[in-house]
Amino acid sequence: MAEIVIDGKSYSFEGKPKLLDFILSKDKEVPFFCYHPSMSAPANCRMCMVKVGQYVKNRDTGEYELDEHGERQIRWFPKLQTSCNMDMMDDMIVHTHETDNLVKRAHKDTLEMILINHPLDCPICDQAGECPLQIQTYKYGPEGSRFEVKKQHKPKHVQLGPRVTLDAERCINCTRCTRFTDEISQSHQLTITRRGDKNHPTTAPGTVFDDPYSMNTIDLCPVGALTSTDFRFKARVWEMNQTPGLDITNGKGVNVDLWTRDNLVLRITPRHNPHVNDYWMTDKGRDAIQLYNENRLSTPSLRLHPKDKDLVMTSWDNTLQTIQEIVESTDSKQILSLGSPYASVEENAAWAHFSQTILKQKPSYTAHVEKGAGDGFLLVDDQAPNTAGCDLLGLKKRTKAALKKAVSESQVIFSLHDDYIERGWITKEDLKGKTWIYFGTNLTQIANAATLTVPITCAAEHTASYINVDQRIQRTYPAKETKYTNRRLDLEMSEGRLDRFGTKFDHWVNEDNKIDCKPLWEIVSDLFSLWGQTITYRHGRDVLESLNQTITALDGITYQAMDDHRGVLLSTSEPQEAST
Amino acid sequence: MAKKGSKNTATNPPTSYSFTKEQLKEIEALKAKYPEVQAVTLPVLWIAQDSFGHVNPDVQALVAKTLDLPESHVHGVAEFYTQYFKEPKGKHVLDVCTCLSCGLSGGVDIVRHLEKKLGINVGETTADGQFTLQEAECLGACGYAPMMQITNDVYVNHLTPEKVDKVLDQLISGSTPDFESIAMPLVDSTHTTKRGGSNE
Ligand code: SF4
Ligand code: FES
Ligand code: FES
């Protein structure tokens, strides 16, 4: 096995890792900008300098040459080397800035050079607070600049595409963005134009940067040059809480972070998961903020008379009692119970439990697949986040025609999430004369046409798991409060950062935007108690624990396991009981 | 990986620019010479500039389409090199060096002289389309400063206002300034012996 000595400590390694990668994996630091673990390394920012040498061996004897003190002789490379594109070799000696003043000096000078034309507008820059250039300058940069001449000016607020805005003056020309469109999304839409102190990224004349993955360049950009057209100037990084979550806009299960302030999700960024999405996500997945913030169902609402145009708000107690009355006055054959691939495993399971016990039927569901929507990368045909979860729970899948038929044959319909009207599967007319009870998060068309709407928590408000198209089960965390939760009491919720006394705090300024909704499992527990049964699902975990016993594929699957392994690949996709 | 989004190869280059059959043959021959088609971008841009006088965005799009390369790639290459004209220029393009050595020995004065003489500002083209005046960075002829290059071709060295006037007349009359061979001062031989004499 090969050996390398870094800052006086020796490490063994195999293969030909890149030096920077290796150093970082040892929990040490070397500052860098242009390097990205998932892309090629052009070594153009010159920030990752280290001093590299090799022990000298006698060619004939193979023995190490020793100097007059009996120490091994070192042949240093004539200049400092960029570690990001340096292949590691046996017998290498590396000095980082921790042990070498020359390297320290190199970092300082490189930063002084990079900053010559940088506008230094951190106070109004979106990137401030999460900016590698800002952090690196703070840690390794010079105190000031020796350049007293006027800065070079470049184009500002250039609309590169519908979702990405460029400030060319901030750009340090690391080419991460152009390499992204060349190597990852392969749309080849970006290039660097001009040269010297005038260069910056751009599209070909007359074309727009409309790559379905374009917004990844915003996350990639090590400075504030590429910013989100939508999120620009909306919030400072340190005002938001960052909570892990999942992209629920399709079945891929892309791992994301939800950034919240005052109970609004302000932006969504990808979270690294090598098994699912690496460092990337779709632009479409970021639109989920609208689902979380806007047009939410809040407070249960009831249509008092079928002819009434509007629904009126009602209490939770009344809602539950109304449901009980409806169920008890209807022949169970006249009831249709629907689950949803848009709802989590726990929600579907809790609903299925109630449905089977009280409504005497296992819920069925409809998949939402758009053929051709997938691209073999992060866009997939399956539009819902949990189709595999419905299958695993053994919910019967209905086709469009079967759904329409089932609806027409039933008097009372319980449905979850799906907006069948918007999808064009049924029409408003089909709801005429029916009692439709809708559990959902948003004011969809079906909610508008329903008899009773019951607001439930969305993926940004609860802990629940979703199974993606590749049978990986992953979970969400609550990122925003509902009317009934409190981020200071609910220890699962992230609260910004620790202050210097170790107390969690955040910069939320009001308690608005809390939705009056409850997790479906909680509603189900309340319903059970109306029927005199004590089944208590207080947390998604309670539902999952009961599934651990009943579904073999979920045996031993816990939130902890999902957290530890970035989701767990389920061993079987077989539905447990196919009969309905 | 994904292959989504418009690849941005030119979808409809204007009909006003197209390569002739001979040029296309030449391009095919060039392609065979290189392992990757990207490498042919430079020579094909030259072919285009020689034939259209410039490589404006439409011409860049034509090159991209001909080579089946992303339009952005061709654009980046064309923009990188000042020798490619990204817009129509005068018949003669005067690149006067104003970089350090030339600047110190009067390059800027030459630019001012030409501005007056041609009645245009630097960066502009005369109304009759004869001359475009540009400032250039170091062209590697510092030893003969101040100097200028004419339409990506011949260098004219040791410029004086009089010499510049003569060159303009030559260009207008249709001839090219002659190539001037300038001998580099040789290194003093005694000096060489001294430095090489370390093992004596
Ligand atoms: S815009 Fe950002 S990612 Fe692109 S080259 Fe400039 S600094 Fe790098
Ligand atoms: S990270 Fe190595 S040169 Fe940029
Ligand atoms: S400075 Fe003019 S040629 Fe070098």
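It should be noted that the structure appears before, not after, this text.
Values in this document were obtained by computation on a predicted structure and should not be read as measured data.

## Focus: the overall build of chain B
- Within chain B one finds 8 helices and 4 strands.
- Each helix and strand of chain B, ordered N terminal to C terminal, gives the series α-α-α-α-β-α-α-β-β-β-α-α.
- Buried positions account for 41% of the 200 residues belonging to chain B.
- Across chain B, contacts joining residues at least 24 apart in sequence account for 61% of those joining residues at least 6 apart.

## Points about the site of ligand 1
- Around ligand 1 sit 13 residues, and of these C171(A), C174(A), T175(A), C177(A) and C221(A) come closest.
- Its residues assigned to classes, the shell around ligand 1 comprises 10 nonpolar, 2 polar and 1 charged.

## Focus: the nonpolar core
All names here are of chain A.
- Counting 80 residues, the largest nonpolar core has I268, Y292, F354, F414, I437 and F439 as its most contacted members.
- It is helix α9 (residues 345–358) that provides the largest number of residues to this core, a total of 7 residues.
- Counting contributing residues per domain, this core is built from domain 2 (122–228) and domain 3 (301–461 + 516–569), each supplying no fewer than three.
- Excluding residues that lie within four positions of it along the chain, F414 makes contacts with I323, V327, I335, L336, S337, L338, W351, L359, I437 and F439.

## A closer look at the environment of T207(A)
All names here are of chain A.
- Mapped onto the fold, T207 is located in the loop between β10 (200–203) and α5 (216–220).
- Relative accessible area serves as the criterion here: at 15%, T207 is assigned to the buried category.
- Taking the C-alpha atoms as reference points, T207 and L160, 47 residues apart in sequence, are found 8.9 Å from one another.
- Polar contacts involving the side chain of T207 include one to the main-chain carbonyl oxygen of A204, which spans 2.7 Å.

## What about the sheet that holds strand β2 (residues 131–136) of chain B?
Residues and elements named next belong to chain B.
- The mixed open sheet is built from 4 strands, whose spatial order is β2-β1-β3-β4. The outermost strands of the open sheet, each flanked by one partner alone, are β2 and β4 (155–156).
- Sheet topology note: the strand β1 (residues 92–97)/β2 ladder contains 6 bridges and is parallel. Bridge pairing in β2 places V96 opposite E135.
- Set on the sheet, helix α6 (residues 107–118) makes contact with β1, β2 and β3 (148–150); between it and β1 the angle comes to about 150°.

## So, the sheet that holds strand β14 (residues 264–270) of chain A
All names here are of chain A.
- Across the sheet, which stays open at both edges, the 3 strands sit in the order β12-β13-β14 with antiparallel pairing between neighbours. A strand with exactly one partner marks an edge of an open sheet, and here the two such strands are β12 (241–246) and β14. Looking at each pair of strands side by side, their axes are set apart by 30° on average, direction ignored.

## Brief notes about empty space enclosed by the protein
All names here are of chain A.
- Taken as a whole and judged by the stated rule, the model has 2 cavities of 30 Å³ or more.
- The volume enclosed by the largest cavity comes to roughly 90 Å³.
- In terms of lining, the largest cavity is formed by 16 residues, of which the most central are C171, C174, C177, C221 and P222.
- Those elements that provide at least two residues to the lining of the largest cavity are α4 (176–184) and α5.

## Concerning the packing of α6(B) against helix α7 (residues 161–172) of chain B
Residue and element names in this part refer to chain B.
- Between α6 and α7, whose axes approach to 10 Å, the crossing angle comes to 45°. In terms of axis orientation, α6 runs oblique to α7. For the pair α6 and α7, the crossing hand works out as right-handed. Between α6, through I110, H113, L114, K117 and L118, and α7, the contact on the second element is made entirely by P161, V164, D165 and L168.
- Residue composition of the contact of α6 with α7, by class: 6 nonpolar, 1 polar and 2 charged.

## A short note on the interface of chain B and chain A
- Every contact between the two is made by 19 residues of chain B and, on the other side, 25 residues of chain A.
- Across the chain B to chain A interface the summed buried area is about 1900 Å²; carbon plus sulfur atoms make up 55%.
- Along the contact surface separating chain B from chain A lie 0 salt bridges.
- If you look at where chain B meets chain A, you find 4 residue pairs in polar contact (both at pLDDT 80 or more).
- Where the side of chain B that touches chain A is concerned, the elements lending two or more residues are α3 (57–67) and α4 (71–80) of chain B.
- Broken down by element, the residue count for the side of chain B that touches chain A peaks at 6 residues, all from α4(B).
- Each residue belonging to the side of chain B that touches chain A can be placed in one class, and the counts come to 6 nonpolar, 8 polar and 5 charged.

## Side note on unusual backbone geometry
- Cis geometry is found at the peptide bond from A145(B) to P146(B), where omega equals -15°.
- Its place among the elements puts P146(B) in the loop between β2 and β3.

## Points about the side chain of E239(A)
- Within the secondary structure, E239(A) sits in the loop between β11 (226–228) and β12.
- Among the polar contacts made by the side chain of E239(A), one reaches the side chain of R261(A) at a distance of 2.6 Å.

## Side note on the side chain of H200(A)
- Within the secondary structure layout, H200(A) lies in strand β10.
- Residue contacts for H200(A): discarding those within four places in its chain leaves K154(A), P155(A), L166(A), A168(A), N173(A), T191(A), I192(A) and T193(A).

## A closer look at the pairing of strand β24 (residues 472–475) of chain A
All names here are of chain A.
- Here β24 shows a buried face lined by R472 and Q474 and a second buried face lined by I473 and R475.
- As defined by bridge partners, strand β23 (residues 465–467) adjoins β24 across 3 bridges and the pair is classed as antiparallel. If you follow Y466 over to β24, its bridge partner there is Q474.
- Once β23 ends, the chain turns through 4 residues before running back antiparallel as β24, passing Q471 with a positive phi of about 65°.
- Pairing of β24 with strand β27 (residues 568–569), which is carried by 2 bridges, proceeds in the antiparallel orientation. Note that in β27 the partner of I473 across the bridge is V568.

## A look at the packing of aromatic side chains
- Within the structure shown, the criterion is met by 19 aromatic pairs over all chains.
- Ring geometry for F414(A) and F439(A): centres 6.5 Å apart, planes at 15°, overall stacked. With F414(A) in strand β20 (residues 412–416) and F439(A) in strand β21 (residues 435–440), this pair connects stretches of sequence that are 25 residues apart. F439(A) shares its class with F414(A); the two are buried.
- Summarising the aromatic geometry, the rings of W46(B) and Y84(B) are spaced 4.8 Å apart at their centres and angled 50° between planes, so their arrangement reads as tilted.

## Regarding the pairing of β1(B)
Residues and elements named next belong to chain B.
- Of all 6 residues making up β1, 6 are buried, and the element is well covered by its neighbours.
- Every second residue of β1 is oriented toward a common face, with H92, L94 and V96 on one face and V93, D95 and C97 on the other, all of them buried.
- Of the pairings in the sheet, the one linking β1 to β3 comprises 3 bridges and is antiparallel in character. Bridge pairing in β3 links V96 to M148.

## Observations regarding α7(B)
Residues and elements named next belong to chain B.
- Taking 1.5 Å per residue as the helical rise, α7 with its 12 residues ought to reach 16 Å, and the 17 Å between its terminal C-alpha atoms agrees with that figure.
- Buried within α7 are the following residues: V164, V167, L168, Q170 and L171. Projection of α7 onto a plane perpendicular to its axis shows the buried side chains occupying an angular sector of 160°, all on one side. Exposed side chains of α7 directed beyond 90 degrees from the buried face belong to E162, K166 and I172.
- Packing partners of the buried residues in α7 comprise β1, α6, β2, β3 and β4.
- Positive backbone phi, approximately 100°, marks G174, located one or two places after α7.

What counts and how
- Residues numbered from 1 in each chain as written.
- Chains lettered and ligands numbered in written order.
- Predicted model: local features only at pLDDT ≥ 70, side-chain atom pairs only at ≥ 80, totals over all residues.
- Heavy atoms only, no water.
- Helix = DSSP H or I, 4+ residues; strand = E, 2+ residues; numbered from the N terminus.
- Buried < 20%, exposed > 50% of the residue type's maximum accessible area, 1.4 Å probe, protein only.
- Contact = heavy atoms within 4.5 Å.
- Near = heavy atom within 4 Å.
- Nonpolar A, V, L, I, M, F, W, Y, C, P; charged D, E, K, R; others polar.
- Core = buried A, V, L, I, M, F, W, Y, C linked by side-chain atoms within 4.5 Å.
- Domains from an automatic or database assignment.
- Polar contact = N/O pair within 3.5 Å; in protein donor to acceptor, adjacent residues only side chain to side chain.
- Pairing = 2+ DSSP bridges.
- Axes fitted to C-alpha atoms, helices over the stretch in contact; angles between N-to-C directions.
- 1 Å grid on protein atoms, 1.4 Å probe; cavity = no way out; pocket = protein on both sides within 12 Å on 5 of 7 lines; lining within 4 Å.
- Points joined across faces, edges and corners; volume = space filled by probe spheres on them.
- Parallel < 35°, antiparallel > 145°, perpendicular 65-115°, else oblique.
- Left-handed = near helix turned anticlockwise from the far one by under 90°.
- Buried area = accessible area lost by both parts, 1.4 Å probe.
- Salt bridge = Lys/Arg side-chain N within 4 Å of Asp/Glu carboxyl O.
- Phe/Tyr/Trp six-rings, centres within 6.5 Å; stacked < 30°, edge-to-face > 60°.
- Expected span 1.5 Å × (residues − 1).
- Arc of directions from axis to C-beta.

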